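Coordinates in review
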Amino acid sequence: MLLCIDCGNTNTVFSIWNGARFIATWRTATEHQRTADQYYVWLSTLMNLQKIEADITEVIISSTVPRVVFNLRVLCNRYFDCRPLVVGKPECLLPVDVRVDPGTGVGPDRLVNTVAGFDLFGGDLIVVDFGTATTFDVVDSDGAYIGGVIAPGVNLSLEALHMAAAALPHVDIARPENVIGKNTVACMQAGVFWGYVGLVNGICDRIKTERERPMKVIGTGGLAPLFASGEALFDEIRDDLTMHGLQVIHKHNGNL
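These remarks concern the structure in this document. Keep in mind it's a predicted model, so treat the numbers as computed, not measured. (Residues numbered from 1 in each chain as written. Predicted model: local features only at pLDDT ≥ 70, side-chain atom pairs only at ≥ 80, totals over all residues. Heavy atoms only, no water.)

**Brief notes about the packing of aromatic side chains**
- Applying the stated criterion across every chain, the model contains ten aromatic pairs.
- Judged by centre distance (4.9 Å) and plane angle (85 degrees), the ring pair of Phe 193 and Trp 194 falls under edge-to-face.
- Relative accessible area serves as the criterion here: at 21%, Trp 194 is assigned to the partly exposed category.
- Judged by centre distance (6.2 Å) and plane angle (55 degrees), the ring pair of Tyr 196 and Phe 227 falls under tilted. Taken together, the positions of Tyr 196 in helix 5 (residues 184-211) and Phe 227 in helix 6 (residues 224-228) put the pair 31 residues apart, joining distant regions of the chain. Side by side, Tyr 196 and Phe 227 carry an identical accessibility label, which is buried.
- Among the aromatic side chains, those forming a connected cluster through ring pairs are Phe 130, Phe 193, Trp 194, Tyr 196, Phe 227 and Phe 234. (Phe/Tyr/Trp six-rings, centres within 6.5 Å; stacked < 30°, edge-to-face > 60°. Buried < 20%, exposed > 50% of the residue type's maximum accessible area, 1.4 Å probe, protein only. Helix = DSSP H or I, 4+ residues; strand = E, 2+ residues; numbered from the N terminus.)

Following this line, the structure appears as structure tokens:
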């Protein structure tokens with residue numbers, strides 16, 4: 001079986017693919033000091049609790065945090081007796097092109113989302129990912145990644161507001177009933193929620209204008225469903241977009 005690992009700045013997701021579907025998915029905080037042994041104890045405990053018997057023989061990793069990759073490699077070598085495929089490394093080939101300025105590094109998560117989006121929905125896409133940063137990835141008609149936009153993430157914006165203004169409390173993101181808040185918390189929630197609705201709409205409209213063609217907008221990330229409740233921001237929402245992309249990339253490399 002295949003273990004897909006998506007390591008982001010805030011959380012790391014582990015999913016097991018049995019060749020037809022994902023049979024389990026778990027999430028943990030991203031910590032660069034976590035050892036291979038700790039990863040294995042955590043993972044094997046969850047597998048036992050859910051009575052999942054999986055003979056993991058292959059692993060693919062996407063990581064935006066380079067410091068964690070070493071211990072994940074050790075995990076694969078020590079406990080799964082395999083060498084992982086790491087997105088962004090020369091030995092990991094993509095089924096799509098990357099057309100950006102020479103010398104530009106593209107985050108592995110953005111490449112994986114591009115592969116997944118094209119595989120599921122075809123070309124001419126805007127993939128909006130609500131992570132630590134809110135990213136917009138533009139997929140050409142042939143599936144190539146051709147650039148995008150990076151904006152501060154929703155929770156990052158809330159945390160910065162709380163840290164920079166002593167009188168403002170820490171609040172959870174939620175959809176407020178009204179745009180005009182009647183108290184401090186409601187004002188902050190309205191500003192962040194409706195501000196990001198406007199951000200997504202505005203950036204997607206400008207991308208479509210610049211591309212001079214219709215484009216489908218795909219939402220992913222934990223907050224995508226919440227923001228979709230505000231307006232019709234997305235044509236499709238896929239929480240498992242990154243995991244789908246990882247198994248597509250792994251299959252592509254296995255078929256070479």
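From this point, the narrative continues.
**What to know about the layout of surface pockets**
- Within this model, the largest pocket holds a volume of roughly 960 Å³.
- As for the largest pocket, its lining consists of 37 residues, of which Asp 129, Phe 130, Gly 131, Thr 132 and Gly 221 are closest to the centre.
- The set of elements that each furnish at least two residues to the lining of the largest pocket consists of strand 1 (2-7), strand 2 (11-17), strand 3 (22-29), helix 3 (108-121), strand 6 (125-130), strand 7 (133-139), helix 4 (154-164) and helix 7 (241-254).
- Its residues placed into classes, the lining of the largest pocket shows twelve nonpolar, 18 polar and seven charged.
- What the second largest pocket holds in volume is close to 180 Å³.
- As for the second largest pocket, its lining consists of Val 138, Ile 146, Gly 147, Gly 148, Val 149, Ile 203, Arg 206, Ile 207, Glu 210 and Arg 211.
- Among the elements of the structure, strand 8 (145-152) and helix 5 are those that each provide at least two residues to the lining of the second largest pocket.
- No other element matches the five residues that helix 5 contributes to the lining of the second largest pocket. (1 Å grid on protein atoms, 1.4 Å probe; cavity = no way out; pocket = protein on both sides within 12 Å on 5 of 7 lines; lining within 4 Å. Points joined across faces, edges and corners; volume = space filled by probe spheres on them. Nonpolar A, V, L, I, M, F, W, Y, C, P; charged D, E, K, R; others polar.)

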